[in-house]
Amino acid sequence: MREASEDAFKCLHHALLVLDDEPLIALDRATGTGFALRMSGLGDNFPLHTLLADVLIGGGHLPGRAPSAEEAAVCRDQPGQVHTTGSFNLVAPTGAWLWNEGAPADIPVVDGARLLVLEPPPCQRSRPAGRFFPHMTGDLVLERLLAPKRPGGCSPGA
């Protein structure tokens with residue numbers, strides 16, 4: 001009976017973890033570049049992963065494989081699910097992996113924003129692109145680039 005009741009509340013649990021209008025700082029370890037983003041309506045890390053690749057790689061800010069328009073659309077507002085290949089390994093500032101099966105609410109908050117480190121994926125894996133809540137619109141918007149620190153600890157223009 002316990003397993004049945006846990007399944008009954010799985011959707012409620014995930015719904016309570018959905019973040020709306022939440023600031024996210026993504027730091028690309030390879031380039032040292034930071035990105036200030038804002039996420040809304042994402043119930044798990046699968047669409048976050050795909051939308052990060054769409055915004056950052058598809059937007060020409062990072063090298064790599066950008067998801068197709070269809071892959072990104074099913075993570076935002078289109079019905080359905082397609083398979084995509086992951087472009088990053090999502091990592092907490094502590095070095096702990098943030099699994100795709102987790103939720104954006106698992107990303108630690110540092111100085112008022114969720115802080116995420118992007119690393120190269122350890123292997124090429126196909127995974128579903130889509131939304132946990134198909135009727136909930138999700139989005140990830142790039143607000144600004146954060147310049148990498150120069151050697152010596154000074155930012156450009158400082």
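What you see is a predicted model; the values in this text were computed from it and never measured.

**Student:** I keep staring at helix α4 (residues 69-76) and nothing clicks. Help me out?
**Tutor:** Residue pairs spaced three or four apart in an α-helix point in one direction, given the helix's 3.6 residues per turn. Looking at α4, one finds that the buried residues are E71, A72, V74 and C75. Here the buried residues of α4 occupy an arc of 160° about the axis, which is enough to place them on one side. Of the exposed residues in α4, the ones pointing more than 90 degrees away from its buried face are A69 and E70.

**Student:** Can you walk me through the packing of helix α3 (residues 45-57) against α4 in this structure?
**Tutor:** Each pair of packed helices gets described by two things: the angle between the helix axes and the distance between those axes. Close contact between α3 and α4 brings their axes to 9 Å; oriented N to C, the two are set at 130°. Comparing the axis directions of α3 and α4 gives the class oblique. With respect to the hand of their crossing, α3 and α4 are arranged in left-handed fashion. Within the contact between the two elements, α3 uses P47, T50, L51, D54 and V55 and α4 uses E71, A72, C75 and R76.

**Student:** Whenever I open this one, the side chain of E71 confuses me. Can you help?
**Tutor:** Examined against the element boundaries, E71 turns out to sit in helix α4. There is a polar contact of 2.5 Å between the side chain of E71 and the backbone nitrogen of S68. There is a polar contact of 3.3 Å between the side chain of E71 and the side chain of T84.

Quick notes on the rules
Residues numbered from 1 in each chain as written. Predicted model: local features only at pLDDT ≥ 70, side-chain atom pairs only at ≥ 80, totals over all residues. Heavy atoms only, no water. Buried < 20%, exposed > 50% of the residue type's maximum accessible area, 1.4 Å probe, protein only. Helix = DSSP H or I, 4+ residues; strand = E, 2+ residues; numbered from the N terminus. Arc of directions from axis to C-beta. Axes fitted to C-alpha atoms, helices over the stretch in contact; angles between N-to-C directions. Parallel < 35°, antiparallel > 145°, perpendicular 65-115°, else oblique. Left-handed = near helix turned anticlockwise from the far one by under 90°. Contact = heavy atoms within 4.5 Å. Polar contact = N/O pair within 3.5 Å; in protein donor to acceptor, adjacent residues only side chain to side chain.

Interpretation note: all reported values are geometric properties and have no functional meaning in isolation.
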